[in-house]
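# Structural overview for review
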Amino acid sequence: MSGNTETFNFQAEISQLMSLIVNAVYQNKEIFLRELISNASDALDKIRYQSLTDPSVLDSGKDLKITIVPDATNKVLVIRDSGIGMTKADLINNLGTIAKSGTKAFMEMVQETKDASMIGQFGVGFYSAYLVADEVEVISKHNDDEQYIWRSSAGQNFTVTRDTVNEPLGRGTEIRLHLKDDQTEYLEERRIKDIVKKHSEFISYPIHLVYQKEVEKEVPVEETEEADDEEKDENKAKIEEVDDEEEGKDKPKTKKVKENETVDEELNQTKPLWTRNPDSIQQDEYNAFYKSLTNDWEDPLAVKHFSVEGQLEFRSILFTPRRAPFDLFENKKKRNNIKLYVRRVFIMDDCEEIIPEWLNFVKGIVDSEDLPLNLSREVLQQNKILKVIRKNLVKKCIEMFNEIAEDKENFDKFYEAFSKNIKLGIHEDAQNRAKLAEFLRYYSTKSTDEPTSLKDYVTRMPEKQKYIYYITGESRQAVESSPFLEVLKRKGYEVLFLVDPIDEYAVQQLKDFEGKELKSVTKEGLELDDDEEEKKKFEEQKKELEPLCATVKEILGDKVEKVIVTDLISESPCVILTGQFGWSANMERIMRSQALRDSGGMSSYMASKRTLGLQPTHSIIRALKDKVTADKNDKTVRDLVNLMYESALLASGFTLDDPSQFSGRIYRMIKLGLSLDDEADAPAETDAPALEEVTESNMEEID
């Protein structure tokens, strides 16, 4: 046999690669099995394609499958396929002397990350065998050549020998991994099953695991053996007799013995559901697939099964869950739940480029026919195919949500769970903003029992109404009683209540809906459709109150940018309006509550420019005008203006910078109402009286 053995040197790059794999410490060494199964699947693909034009190539073996055989006694793991096989030249070239184009790129990446899991995506997956083995034998038989053995212990060279010792394979390749002493876990039946389920469950060829299993069998007891057993010492284990009540003593005596039995088990019986025609799949099958994919205990709310063909080809099944996970927006959480397969081989489940962050709740799989396996993460980021897949997935997700929206009950569940994601999508996804806006639902001044859509809002708008009006705030209760709604309600205009913090961000991007501009009612510059007579009257009132506005601005100083007369309120004396392009009062509150907020810089620049708006016909404003006309230096005027400003701040959704000053003014007003002097509460200088003894009668009085 040694006469037939030829020795070859590895090409330098491959030698370096093997040295790197053998000597470095990696986690996830289990990926070696994924790579070898993937290579076996490719070999089976090749022979299957050949057989389409030349059926005779399958004469050497029609059964296309992959077999894994763990041999615990010899510490050898065997992976066998009935694929195309390799000729002697193939063994020399493919496994030794011609370095793949990805070898160098893989070595650079792996030295940086210490993560070998991407090895197959550089076209050098075979060498991952050396993660767990110190010697590898490859026995291969091609239809056009003899059977050969390739052998190497990952040194500088390898040998190729004509095989005269092993059983003929017929056709295909058998890889024997002589495992390292600390890697024998990969001979365990449970471990192999777990790895195959995780990485190779949907390979299109059957994967068989052939292993030894210890089973108990009942065998009849021979007479001589029975006699011997009776003479045996009582301390030894007795033969267990199995009596059948019906047959009684007529049944021969048996004993239980342990025997090793060879089990041949198919590991990937779950055929890839996405490769089947959607019309032939029952909802129960989708539900079962969803549960196995996600470990969810509930059925999905909706499913979208589709394939894309043309310039590129991929299949996908997407699911919308019934409820949102508690850690949906956790930063450290995995970015998405889409598993990426390439030709039924699992590649990764954290490919950020495949779906946008706002769709991180959608679960499912994508199986591409076009993505090459020699992809690094860096190349993935620039890959055009992924960009097309991403665009299609977003489009199909929106279609799925539209299907959910057809059933009101289901849509209510969906919106309750994932409304934040939809709003995040409006903020981030300019291309699909208009489509996503159709899913928004808000309570309003006219829709108090159930939320309304923007589409329904537009259909209810009076002819003369130009804008979609909204108000943002901390809670529905806070905005319903807001002074900003007074005039709009009187005019019959509907106002939407945006009370989710993320609404503030979404509405900044959603400028209009179906050609109608969205307008905040808390910002200045809001125009209402007044007739000429009303406008003329308002101009007169503005002129009349100019001196009061000037005095109020003088008293408040830098607290407000300006003081104006406004027609946006009818029942309140005054209100705080914010600048058209700065933050609203609600946005300011949200930004202030950020844990890592920037107290200066951008925050101070974006903070609302406050404008105090006075309602010209209100009795308080009229009386204040008279008081200022009489004596603008009156001390009570200063006090009243400050109190009025601080009350307006609270009513308009702002927080007070100095609550104690505000409460001090309120207490002074209470004293005035009760006709008390300020001195009435001066602290007494007498000693505090002794505490009374607590008696039973005292307790009764308290009760």
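Summarised in this report is the structure supplied together with it. These figures come from a predicted structure and were not determined experimentally. (Residues numbered from 1 in each chain as written. Predicted model: local features only at pLDDT ≥ 70, side-chain atom pairs only at ≥ 80, totals over all residues. Heavy atoms only, no water.)

Turning to its location among the elements, Lys396 is positioned in helix H9 (residues 384-405). Note on Lys396: relative accessible area 17%, which makes it buried. Setting aside its immediate chain neighbours within four residues, Lys396 contacts Lys304, Phe306 and Leu318. (Helix = DSSP H or I, 4+ residues; strand = E, 2+ residues; numbered from the N terminus. Buried < 20%, exposed > 50% of the residue type's maximum accessible area, 1.4 Å probe, protein only. Contact = heavy atoms within 4.5 Å.)

A separate point is the sheet that holds strand E10 (residues 302-308). Spatial strand order, E10-E11-E14-E12-E13: 5 strands in an open sheet with mixed pairing. The sheet terminates laterally at E10 and strand E13 (345-348), the two strands that pair on one side only. Averaged over all pairs of adjacent strands, the angle between their axes in this sheet comes to 20 degrees, without regard to strand direction. Strand direction decides the pairing type here: strand E12 (residues 337-342) and strand E14 (residues 363-368), joined by 6 bridges, are parallel. Residue pairing in the sheet places Asn337 in a bridge with Lys363 of E14. Relative to strand E11 (residues 314-320), H9 is tilted by about 40 degrees, and along the sheet it contacts E10, E11 and E14. (Pairing = 2+ DSSP bridges. Axes fitted to C-alpha atoms, helices over the stretch in contact; angles between N-to-C directions.)

On to the sheet that holds strand E19 (residues 512-513), then. As summarised here, the arrangement of the 4 strands in space is E18-E17-E20-E19, forming an open sheet in which the pairing is mixed. Two strands close off the open sheet at either side, each with one partner strand: strand E18 (495-498) and E19. The pairing of E19 with strand E20 (residues 516-520) spans 2 bridges and is antiparallel. Among the inter-strand pairings, Phe513 is bridged to a residue of E20, identified as Lys516.

The next point concerns the packing of aromatic side chains. With the rule as written, the count across this model stands at 23 aromatic pairs. Clustering of aromatic rings is evident, with ring pairs tying together Phe361, Phe401, Phe411, Phe414, Tyr415, Phe418 and Phe439. Here Lys396 stacks its cationic end above the ring of Phe306, 5.3 Å away from the centre of that ring. The ring of Tyr467 has Lys519 sitting right over it, with the charged end atom 5.1 Å from the ring centre. (Phe/Tyr/Trp six-rings, centres within 6.5 Å; stacked < 30°, edge-to-face > 60°. Lys NZ or Arg CZ within 6 Å of the ring centre and 35° of its normal.)

So, about helix H22 (residues 659-673). Taking 1.5 Å per residue as the helical rise, H22 with its 15 residues ought to reach 21 Å, and the 21 Å between its terminal C-alpha atoms agrees with that figure. Among the residues making up H22, those that are buried are Phe662, Arg665 and Lys671. Along its buried surface, H22 packs onto helix H21 (635-651). Directly after H22, the chain includes Ser675, whose backbone phi takes a positive value near 55 degrees. (Expected span 1.5 Å × (residues − 1).)

Let us look at the pattern of salt bridges. One pass over the structure, following the stated rule, counts 37 salt bridges. The residue Glu135 makes a salt bridge to Arg151 at a minimum N-O spacing of 3.6 Å. Pair noted here: Glu135 is in strand E4 (residues 133-141) and Arg151 is in strand E5 (residues 147-152), with a separation of 16 residues, a long-range link. Look at Glu135 and you get partly exposed, because its relative accessible area is 22%. For Arg151, a relative accessible area of 24% gives the class partly exposed. Within this structure, Glu30, Glu185, Arg191 and Lys198 form a network of salt bridges that share partners. (Salt bridge = Lys/Arg side-chain N within 4 Å of Asp/Glu carboxyl O.)

Right, let's get into the side chain of Ser82. Of note, Ser82 is situated in the loop between strand E3 (76-81) and helix H3 (88-97). A polar contact is formed between the side chain of Ser82 and the backbone nitrogen of Lys65, at a distance of 3.1 Å. Ignoring sequence-local partners within four residues, the contact set of Ser82 consists of Leu44, Ile47, Asp63, Leu64, Lys65, Arg171 and Gly172. (Polar contact = N/O pair within 3.5 Å; in protein donor to acceptor, adjacent residues only side chain to side chain.)

The grouping of Asp531, Glu532, Glu533 and Glu534 at the surface amounts to a negative patch. Tracing the sequence through the fold places Glu532 in helix H16 (residues 532-544). For Glu532, a relative accessible area of 61% gives the class exposed. (Patch = residues over 30% accessible without salt bridge, like charges linked within 9 Å, V, L, I, M, F, W, Y side chains within 5 Å. Areas by Shrake-Rupley, 256 points an atom, 1.4 Å probe, with all protein chains shown as cover. Lys, Arg positive; Asp, Glu negative; His and termini not counted. Charge placed at Lys NZ, Arg CZ, Asp CG, Glu CD.)

A few words now on the environment of Tyr130. Along the chain, the position of Tyr130 falls in the loop between helix H4 (103-113) and E4. For Tyr130 and His178, which are 48 residues apart along the polypeptide, the C-alpha to C-alpha distance reads 9.5 Å. Among the polar contacts listed, one links the side chain of Tyr130 to the backbone oxygen of Ser152, at a separation of 3.1 Å.

Attention now goes to the packing of helix H10 (residues 408-428) against helix H15 (residues 501-509). Contact pair H10 / H15: the axes reach a minimum separation of 8 Å and the direction vectors enclose 35 degrees. Crossing geometry of H10 relative to H15 is assigned as left-handed. Across from Lys420, Lys423, Leu424, Ile426 and His427 in H10, the residues of H15 making contact are Ile502, Asp503, Tyr505, Ala506 and Gln509. Each residue belonging to the contact of H10 with H15 can be placed in one class, and the counts come to 5 nonpolar, 2 polar and 3 charged. (Left-handed = near helix turned anticlockwise from the far one by under 90°. Nonpolar A, V, L, I, M, F, W, Y, C, P; charged D, E, K, R; others polar.)

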